Each structure stands twice: as C-alpha cells, then as structure tokens.
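# Architecture and fold: a report
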Amino acid sequence: GCSEFSRRWCVLSDGVLSYYENERAVTPNGEIRASEIVCLAVPPPDTHGFEHTFEVYTEGERLYLFGLESAELAHEWVKCIAKAFVPPLAEDLLAQDFERLGRLPYKAGLSLQRAQEGWFSLTGSELRVVFPEGPCEEPLQLRKLQELSVQGDSENQVLVLVERRRTLYIQGERRLDFMGWLGAIQKAAASLGDTLSEQQLGDSDIPVIVYRCVDYITQCGLTSEGIYRKCGQTSKTQRLLESLRQDARSVRLKEGEQNVDDVSSALKRFLRDLPDGLFTRAQRLAWLEASEIENEEEKVSRYRELLVRLPPVNRATVKALISHLYCVQCFSDTNQMNTHNLAIVFGPTLFQTDGQDYKAGRVVEDLINHYVVVFNVDEEELRKQREEITAIVKMRVAGTASGTQHAGDFICTVYLEEKKAETEQHVKIPASMTAEELTLEILDRRNVGVREKDYWTCFEVNEREEAERPLHFAEKVLPILHGLGTDSHLVVKKHQSMEAMLLYLASRVGDTKHGMMKFREDRSLLGLGLPSGGFHDRYFILNSSCLRLYKEVRSHRPEKEWPVKSLKVYLGVKKKLRPPTCWGFTVVHETEKHEKQQWYLCCDTQMELREWFATFLFVQHDGLVWPSEPSRVARAVPEVRLGSVSLIPLRGSENEMRRSVAAFTTDPLSLLRNV
C-alpha cells in the first residue's frame, strides 16, 4: 500500500542511482550502482498501491520498489535506469517498452557444459534474448513453446523453455530475481483470454487446446461409434476444459484416463464458447449466404475468398478442424459419422446457432466435401495424411488383436548408434512426433550432449537390402513405423556426411544435377527392358519436379521419368547384386496404385554420391535439408539438476560403423582433400 512507501528525492548520475531524505539533503540515504542491477521490472498499474511502479533487483538479492503518480515520469525513469545498466551489446532490447529487463545465467545452443550470462527482455508474450557471443537470436514466442517446465530442487532451479529446434535453460542463481522472471514468463506463456488468438499456439498458429483434442481423437477415436454425436459426462468435460484453458501445453491426454466422448465434448464446448466464434461475427453472415450459391464452382470459389479474410489463427484452426473431420468421415462405415452427420453436429457449434438454421450445417458439409480444393491441399500433403491415419488404425487393430498394448500407445524400439540389446530404447510414438523429436528424445534419455557439427539423425535401416535412409528432421515417424518390416529398425546416430553435403549445397549454383551413373533395375518390378540384369551406364537429370533417365547424354527423350517427391532414397546396395562401386543408392518408388518399384544406382566416387544424395534431399524438402536454427540441441539435462552431463557420445566400433555404408562412414573432411 501507499502508506508503506517512503518519499525520497532520487538522482541518477554517472551510473549511480542515489536516494535522499529530501531535495536539500547532501548525503544520500542509500545508493544503487548500475553495475549491481540485475533486473528492472514494470508491473501492471496499481499492483503496489501506487498507480505506476517499477522494481529494481540487485546482485545482493535486494528489491527496491519505486512508485509515481505520473505514467510519463515513471516511463522516463525506467528508460534512464535501463540505459544506465544495459551494456552496448544489448541496447537493441531498449527499442521497445518491456515488462521485465535484465541479465540471467543460461545454457543454450552447443554450450551446455557451462552457464553464461545473457540479457533478456519480456514484452507481452515475447521473450527477446541477447547472448554475449553469436548472432542476434530470434525472439521466443512464449505462447508457442513446446515445453515450459521448472526442473531441479528448490536450491538449484532451472527454467526450461523448449521451442521448435532450440532449447533454453535459465538458471536460478539469484532466487529473488529468478522467481520474478519465472512468474512473469509463466504468465506470459499462458492463455491470455477466451479468443483464439489469445490461446497458447502451436507452430502452425493452431491453438494447443484444439491440437490436443484433435490429436487424441485421431489416435483413439476415429473408429468410435457416434464420435462427436455422443456427449461426454458433464462434470468430466468441464474439468478437462478448465485444465486445457488454464495450461493446455501441460495437459497430456491418455486413453484410460480420458474418454473420447469427454474429449470431443470439451472441444465442441470450447469452439461454441469462443466470444467471436471461429468464423467471426463480422464474417459469419457471409459464410452462411455463400452456402446458398447454387453453382458448385462459384460456391467453392466464394468459400476460398472468405477463408483468406479470416484472421490467421482462425484460418489455421478452420483448416485443422476440417482436415480432422475429413479423416473422421473416412471411417463412417465404422463410426457412423458421415459428412452429413458431422455437419449436423458442427454447424450449430461453429456458427453458435440454436440448430434451426440449416445453412450452418451446409457450410460445414461443403467444406468437408471440398476440403482438398477449398484449402488447396496438394497430393503430397493428402498422401501423408492418409498414410498417418492408416498407420494409426492398423496399429490399433494389431494392438487390440495381440492384447499387448492399449490403443493409442504405439511403442517403437529405437537403437542408439548400433543395434544391440544394451542400446535399445522403447519410445511411445504419438501421431505428431517428427524424426527430429524422436532423435532428441533418445539423446535426452541417454544424456548424450550435442557438440558443434554433431549431426545426430534417425535412420531407417533395412537389413535385408543392406541399405539405410536418414529421415528428414520434419518427417513424421508413425507412418514409417507402420511400414517397417521385420528386417528393418530405427537407429539414432551421427550423420557423418551431413557437413560435407551442406558445404556442397551452399557452394553450388542452381537446383538441378545431371550426370552419368551405373543403373540396375529390379527386373521383377520395373521391366524397363534392359539387355541383362547387370549395371549399365545411364544419364540422369534431377530437378525440382522429377528424376529423368536417358540412355545416353545425347538422347532427347527420357526412357523413364519419376516424380521426385514420391521417391525414397536409401544409402547402400546389397552385395549379392555385385555393385561396380561401393558408392550406391537403392531407390524405391511407390505408384499411385501403391505398387512399389525398386532400382539401384552407383556413382564412381564418394563425392558424387554425396552430391547426388544432397540434391535429392534439397529438392524433396524445398531446400530445407537441416534445421536452420544453429541451436538445435538435445535436451541434455543441465548440470545443476543431475550434477554432470555426458560430453562424449556413445560410439560403436569403427569397423562396424564403416561396414554399414562406406560413403557415409569416412572422414567428412576427405571431401576437402579432393579439392
């Protein structure tokens, strides 16, 4: 309260903030040196009795509270004090108003063995960071964090912030200062209100609360009869919804603990209760009117126009929800929820009507029926979606038949470095898990720290074909797990040639590659009519859309052409085929009729192999071969929590590693020796 404040005359000069009994006093009552200030905080108005206040934290674990009646004066004092204690390297943090500004010990990037001191600024839900070395970091969007947790004991607490492809550990060396930051960051990372844009958001601007519910029902409820039509228990639905609204990021929905009807009811309640609605009050009528357009092409075109006008979060949520309902109706023979039945349920929910207006249901039905066109879904995206759903349903059926696992609990055995009993890890694979996330999970479990130029990757290994495929970091694991045969497994190990491939991609000109390679068909599958089953010289051109095979360099018409994004490229060729070199690929192509074709390619040199493989990755993944963030790290447990961190990754024997794929087990620097 105001009565607890003492009025003092304050002077900021030469890096010292002094406070006097009054303006005539010569000797200060006390002083705060700018070099001792570790944090400056600006709480909301009326937090401490005065309308405008600011807090100054010092290294000696002391907190000074200042109050003023004038907002302009308070703002001026905050700016001047900030300029006095913030060093030149962090001056960019002063460019905008902040709620909290200061220095904190942290660990991040590839430097997990020791803590450094960085400068942090909190503005709204954005945490800006300046590290003492390295380029300026992109701000952390706190409401888009994948994880926010506090680890360690009360004496050595660590705040863990996990954003896609980077992890930040903030250490609590000064308890008073740390607790202030902890509370402020937790509040900034939580949902701010009831509107969609104020929710905790995922990478695609989809609210986490929507993602959690949709992901759970996709894994556990696609074949549940009457899904979304049946209602859950009111009390359980309400408790679940309250938990999700409070902190959806920390809620983990598990079969056996939550019923699918409770989760589906919570999602419907959330969407119905949105203050502005999913389609917004301003545009709701336009959507309903569009449903009455008789010409289907004109109607779909109108829907696309209206979709673009929605706010980004609403637009992303509409697509995610309709994509999910599209999947649900694919199983209508089992769940009895065809497009029309889903529209009856979701029309009034999304348009917040009493169910009397048939146009609301018609809009939802149209969006599901024309999902591919309205949302511009390409064939590749649709194929991946179908593969993921098929994998989920088949694994549920297999789990139910064997009685060995609960539906939704998909267990995968993954090895670290090599296939041995002592290196295996059993991991639950949710539908959303990517290869990068699986890699980090395995490294985290074994406390393997990632150092500079450690390109840890998850590989799909096919023992029968004597080949392996490094998974792209954004590739979903579940469809791959579903397709693994008894002679295949997943292993996490270093990608020995990634550095060399990235160097090649950075220095080359253009997006295409061409050249001669040794080619052999799998005669039982391809039937290209080559004279024998051996390897033959062929000329190849690889561009952003396709891989073309020519009989020779001078040929004008290709003998064969394959869409590049439908190819799976494995490193290695089985020995019984007697490949002419040890630098080979095994290429698999799946046709639209789900027929598999397979053939083999061999290069003359290791460098050629790397160049071809790098180009394949580049064109298949639109140029993003490796995460762009330099601080992609395993979430190794900080030293303050366990006392030590393993700095040396586990390794298999060198000979065993060399036998896997010769091209990718040699020293990456050998590329430079050929220059």
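Coordinates for the structure precede this section.
Here's a quick rundown of the structure.

Parameters at a glance
Residues numbered from 1 in each chain as written. Predicted model: local features only at pLDDT ≥ 70, side-chain atom pairs only at ≥ 80, totals over all residues. Heavy atoms only, no water. Axes fitted to C-alpha atoms, helices over the stretch in contact; angles between N-to-C directions. Helix = DSSP H or I, 4+ residues; strand = E, 2+ residues; numbered from the N terminus. Parallel < 35°, antiparallel > 145°, perpendicular 65-115°, else oblique. Contact = heavy atoms within 4.5 Å. Nonpolar A, V, L, I, M, F, W, Y, C, P; charged D, E, K, R; others polar. Buried < 20%, exposed > 50% of the residue type's maximum accessible area, 1.4 Å probe, protein only. Pairing = 2+ DSSP bridges. Salt bridge = Lys/Arg side-chain N within 4 Å of Asp/Glu carboxyl O. Disulfide = S-S within 2.5 Å.

## Observations concerning the packing of helix 8 (residues 312-329) against helix 11 (residues 358-369)
Where helix 8 contacts helix 11, the axes come no closer than 9 Å and their chain directions differ by 75°. As the angle between them shows, helix 8 and helix 11 are arranged roughly perpendicular. Each of Ile322, Leu325, Tyr326 and Gln329 in helix 8 lies in contact with helix 11, whose residues at this interface are Val364, Leu367 and Ile368. Residue composition of the contact of helix 8 with helix 11, grouped by class: six nonpolar, one polar and no charged.

## Examining the pairing of strand 23 (residues 567-571)
Counting buried positions over the five residues of strand 23 gives four, a clear majority of the element. With five bridges connecting them, strand 23 and strand 24 (residues 583-590) associate as antiparallel partners. Across the sheet, residue Leu567 finds its bridge partner in strand 24, namely His589.

## Description of the pattern of salt bridges
What the rule picks out here adds up to 28 salt bridges. In this structure, Glu117 engages Arg103 in a salt bridge whose closest nitrogen and oxygen atoms are separated by 3.5 Å. Residue Glu117 is found in strand 8 (residues 111-123), and its partner Arg103 is found in strand 7 (residues 100-108); the two are separated by 14 residues along the sequence. Salt bridges linked by common partners bring Arg464, Glu465, Asp487 and Lys574 together as one network.

## Re the state of the cysteines
Two cysteines form a disulfide when their sulfur atoms are joined by a covalent bond. Under the counting rule described, the total for this entry stands at zero disulfides. There is no disulfide at Cys330, and the cysteine sulfur nearest it, in Cys327, is 5.9 Å away. Judged by its relative accessible area of 45%, Cys330 is partly exposed. Free cysteine Cys603: the closest other cysteine sulfur is in Cys602, separated by 7.4 Å.

The analysis is restricted to geometry; functional conclusions fall outside its scope.
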